[in-house]
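Examination of the molecular architecture
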Amino acid sequence: MNDLPVISVIIPTYGREEALKDSIVDVLIQDYPHFEVLVVDQSPKHQPEVQAYLEEVAALGKIQWFRLDWASLPGARNYGVRRSSGEIILFIDDDVRLTPGFLMAHAKNYLQNPEIGAVAGRVFDRMKLSESGGNLQIEYLPPQAMNPGLAWHYLDLVHTIKPQQVLTARGCNMSFRREIFSQYGLRFDERFRGSAVREESDFCLRIRQTGYKIWYDPEAHLVHLGEETGGCHDISTRSLKYQFTFYHNNFLMALKNLNFSEILQLASRLFDCQVLGHPPCNKSGSFVAVLSRAMFYILGFINASSSVIQSIWNDGQIYSKLDQESEMLVVDKQPSMSAN
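So, here is what we can say about the structure in this document.

Calculation notes
Residues numbered from 1 in each chain as written. Predicted model: local features only at pLDDT ≥ 70, side-chain atom pairs only at ≥ 80, totals over all residues. Heavy atoms only, no water. Helix = DSSP H or I, 4+ residues; strand = E, 2+ residues; numbered from the N terminus. Rg over C-alpha atoms; globule rule 2.2 N^0.38 Å. Buried < 20%, exposed > 50% of the residue type's maximum accessible area, 1.4 Å probe, protein only. Contact = heavy atoms within 4.5 Å. Areas by Shrake-Rupley, 256 points an atom, 1.4 Å probe, with all protein chains shown as cover. Lys, Arg positive; Asp, Glu negative; His and termini not counted. Charge placed at Lys NZ, Arg CZ, Asp CG, Glu CD. Core = buried A, V, L, I, M, F, W, Y, C linked by side-chain atoms within 4.5 Å. Disulfide = S-S within 2.5 Å. Polar contact = N/O pair within 3.5 Å; in protein donor to acceptor, adjacent residues only side chain to side chain. Expected span 1.5 Å × (residues − 1). Patch = residues over 30% accessible without salt bridge, like charges linked within 9 Å, V, L, I, M, F, W, Y side chains within 5 Å. Salt bridge = Lys/Arg side-chain N within 4 Å of Asp/Glu carboxyl O. Phe/Tyr/Trp six-rings, centres within 6.5 Å; stacked < 30°, edge-to-face > 60°. Lys NZ or Arg CZ within 6 Å of the ring centre and 35° of its normal.

1. Regarding the overall build of the chain
In terms of helices and strands, the chain carries eleven helices and nine strands. Here the C-alpha atoms of the chain give a radius of gyration of 20 Å, agreeing with the 20 Å that 2.2 N^0.38 yields for 340 residues. The C-alpha extent of the chain, read off along each of the three principal axes, is 75 × 45 × 45 Å. Considering the chain as a whole, with its 340 residues, one finds that 50% of them fall into the buried category. Long-range contacts, defined here as pairs at least 24 residues apart, represent 77% of the contacts in the chain between residues at least 6 apart. When the accessible surface of the chain is totalled, it reaches about 16,400 Å², and 56% of it is carbon and sulfur. The averaged location of the 39 negative side-chain charges in the chain is 5 Å from the averaged location of its 32 positive side-chain charges.

Right, dumping it as structure tokens:
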């Protein structure tokens, strides 16, 4: 048991209360011998009982609790990585429920296969399971699920029951070898805004340059509650902000990672499903609705193109730079030691 790698469990959180507490409780009762818990908290304030719980477990050294005055999911992930010490970095959401063997299910993959650099766990997503009736089972994903231009319509990590190589993980249940960050210098791109959709896919696509594989293990499963309040997402998917950032994020991922043919495939399927409303999106086909979505589609592409062009002088690490600047200020304020 002493040979098992240390796991750093990072929980970014924003505006969550009891669900956050339950998620932390489930991590702390894991039957894994070596792990640490880092809660990267971007909530302005908590309910008194949740605040008291966080203060208690932090004071007892059971968690490391970091309070931030800004909100960014990829920024919070990077913040946690910089303060973690584990050989395996595992991310979960702040509204999940775990079984006691969850950490071991992730760890065994790294021990069994040195080619694995990331593990994508199964997600029992309440909303998606409800839509499918709970009876759907997929053994092996189709070949399209490994095509980054098409994968997003075929990559089902909810109903798939067999271990296999995949293109990406879901952000609420994914782990990585530390070398992905330390040796290869990969970071989550903090330009993924709003709901931060595709930020984990962008990161996983960049893992291809390391030579490591991303392995899906259904035994590393959790239940994603999909709470209707809190989290990084905008609940109202009809809001102008959500629509704009949704298309921006999809196109940013594509422009950064895909070749021309794959970009055309992604753009075509995105337009057919999200703009025209064809299955599986099943959106309103009214002229006004389609025209409105088409406008955001175009604006999102233009804005994502601008983000890529700005990469020449802006690497997107907005909040990481704020963090590094604050650390430098702290160092500058330290009293100097006299020669005596």
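2. Digging into the nonpolar core
Ranked by internal contacts, the top residues of the largest apolar core, which has 31 residues, are Phe-91, Val-166, Phe-176, Ile-180, Phe-181, Phe-203 and Ile-207. Going through the elements one at a time, β2 (35-41), α3 (73-83), β4 (88-92), β6 (116-125), β8 (173-177), α6 (179-182), α7 (199-206) and β9 (213-224) are the ones with two or more residues in this core. Ranked by residue count, the leading element in this core is α3, at three residues. Filtering out sequence-adjacent residues up to four positions away, Val-166 remains in contact with Ala-120, Leu-141, Met-146, Leu-155, Leu-157, Ile-214, Trp-215 and Tyr-216. In this structure, Leu-20, Ile-24, Val-119 and Leu-222 belong to the second largest nonpolar core, which totals 30 residues.

3. Focus on the state of the cysteines
If you walk through the whole model with that rule in mind, you get one disulfide. The disulfide bridge from Cys-273 ends at Cys-281, spanning 1.8 Å between sulfur atoms. On the sign convention where negative means left-handed, the S-S torsion of about 100° between Cys-273 and Cys-281 marks this disulfide as right-handed. According to the relative accessible area criterion, Cys-281 is partly exposed, its value standing at 22%. Sulfur of Cys-204: no disulfide; nearest cysteine sulfur belongs to Cys-172 and is 12 Å away. For Cys-204, a relative accessible area of 1% puts it in the buried group.

4. Some points on the side chain of His-46
Topologically, His-46 is positioned in the loop between β2 and α2 (48-59). Within the structure, the side chain of His-46 is placed 3.5 Å from the backbone oxygen of Arg-16, a separation counted as a polar contact. Apart from residues lying up to four places away in sequence, His-46 is in contact with Arg-16, Glu-17, Leu-20, Asp-41, Gln-51, Leu-54, Trp-65 and Arg-67.

5. Re helix α9 (residues 260-275)
The end-to-end C-alpha separation of α9 is 21 Å, in line with the 22 Å expected for 16 residues at 1.5 Å each. Buried positions along α9 lie against α8 (240-257) and α10 (287-309). Of the residues flanking the start of α9, the one acting as N-cap is Asn-259, its side-chain oxygen 3.2 Å from the backbone nitrogen of Ser-261.

6. As for a nonpolar patch on the surface
Taken together, the side chains of Met-295, Ile-298, Leu-299, Phe-301 and Ile-302 present a nonpolar region at the surface, about 450 Å² in accessible area. For Ile-302, the location among the structural elements is in helix α10.

7. A look at the environment of Glu-190
Residue placement: Glu-190 occurs in the loop between α6 and α7. Remark: the alpha-carbon pair of Glu-190 and Ser-72, spanning 118 residues in sequence, is separated by 7.2 Å. Setting aside residues no more than four positions away along its own chain, Glu-190 makes contact with Pro-74, Gly-75, Asn-78, Gly-316, Gln-317, Ile-318, Tyr-319 and Ser-320. For Glu-190, the side chain forms a polar contact with the side chain of Asn-78, separated by 2.8 Å.

8. Quick word on the packing of aromatic side chains
All chains considered together, the criterion is met by 18 aromatic pairs. Grouping aromatic residues by their ring pairs yields a cluster made of Tyr-242, Phe-246, Tyr-247, Phe-251, Phe-271, Tyr-297 and Phe-301. The ring of Tyr-79 carries the charged tip of Arg-83 above its face, separated from the ring centre by 3.6 Å.

9. Quick look at the side chain of Thr-168
Within the secondary structure, Thr-168 is located in the loop between β7 (164-165) and β8. Beyond its immediate stretch of four places on either side in the chain, Thr-168 contacts Ala-120, Trp-152, Leu-155, Leu-157, Glu-200, Ser-201, Cys-204 and Ile-214.

10. Thoughts on the pattern of salt bridges
Under the definition given, this model contains 16 salt bridges. As a salt-bridge pair, Asp-41 and Arg-67 come within 3.6 Å of each other at their nearest N and O atoms. Of this pair, Asp-41 sits in strand β2 while Arg-67 sits in strand β3 (residues 64-67), and the two are 26 residues apart along the sequence. Judged by its relative accessible area of 0%, Asp-41 is buried.

Coordinates in, geometry out; function isn't part of it.
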